[in-house]
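Each chain, letter by letter, is given below.
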Amino acid sequence: MNIRQIRELAQIVRENGLSTLEISENETHIRIDCEREQVVATAPVAAAAPAAVPAGEIATAVLPAESAPVDFNRAREIKSPMVGVFYAAASPDAKPYVEIGSRVKKGDVVCIIEAMKLMNEITAEFDGEVVDVCVHNGDVVEYGQPLFKLC
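Residues numbered from 1 in each chain as written. Predicted model: local features only at pLDDT ≥ 70, side-chain atom pairs only at ≥ 80, totals over all residues. Heavy atoms only, no water.

On to the environment of cysteine 111, then. Within the element layout of this structure, cysteine 111 appears in strand β8 (residues 109-115). For cysteine 111 and leucine 147, which are 36 residues apart along the polypeptide, the C-alpha to C-alpha distance reads 8.9 Å. (Helix = DSSP H or I, 4+ residues; strand = E, 2+ residues; numbered from the N terminus.)

Here's what the structure looks like:
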């Protein structure tokens, strides 16, 4: 794996709003954690690591002990109840209803799905913390498609 490939992975993490991306290829293991617009990559590899990485873009670091990794096996999904266009906020200028790290309670509005020119508020079916937003603002979603993952 070379620097260009690592940068492309970091770009994928940023563009898709992912919190973590982990890749293993042969003996190389890359983990990219994104927190507050900063991408962190850890590469505990026996092979030689690339040397020319621009400061600030990708840094080698270890996650703090307090941030336990999310167990996605235990995550519950909020799925789309209809086909339509996903909107994360009530208007383009408004703050999203929920983001990664938001705590929601059963009945809280988490997004809007526009179907046949009607704006439908989608509510949480259970309490939890948002650990993944599975779609982007403006995406067309299908019935049963995961919108959010909560733990």
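Nonpolar side chains collect at one region of the surface, where Val83, Val140 and Tyr143 lie side by side and expose about 370 Å² of accessible area between them. Among the secondary structure elements, valine 140 is positioned in strand β11 (residues 140-141). (Patch = residues over 30% accessible without salt bridge, like charges linked within 9 Å, V, L, I, M, F, W, Y side chains within 5 Å. Areas by Shrake-Rupley, 256 points an atom, 1.4 Å probe, with all protein chains shown as cover. Salt bridge = Lys/Arg side-chain N within 4 Å of Asp/Glu carboxyl O.)

Time to look at the nonpolar core. In summary, soluble globular proteins display a tendency toward joint burial of nonpolar side chains. Ranked by internal contacts, the top residues of the largest apolar core, which has 17 residues, are Ile78, Phe86, Val110, Cys111, Leu147 and Phe148. When contributions to this core are tallied by element, the ones reaching two or more residues are β8 and β12 (146-150). Here valine 110 is in contact with Ile78, Ala88, Tyr97, Val98, Val104, Ile122, Thr123, Ala124 and Phe148, once residues within four sequence places are set aside. Grouped together as the second largest cluster of nonpolar side chains are 7 residues, Leu9, Ile30, Ile32 and Cys34 included. (Core = buried A, V, L, I, M, F, W, Y, C linked by side-chain atoms within 4.5 Å. Buried < 20%, exposed > 50% of the residue type's maximum accessible area, 1.4 Å probe, protein only. Contact = heavy atoms within 4.5 Å.)

On to the pattern of salt bridges. Across all of its chains, the model carries 2 salt bridges by this definition. The shortest N-O distance in the salt bridge between lysine 79 and glutamate 77 comes to 3.8 Å. The salt bridge partner of glutamate 129 is arginine 103, with a shortest N-O separation of 3.8 Å. Taken together, the residues glutamate 129 in strand β10 (residues 128-133) and arginine 103 in strand β7 (residues 103-104) connect sequence positions 26 residues apart.

That's the geometry; what it means functionally is another story.
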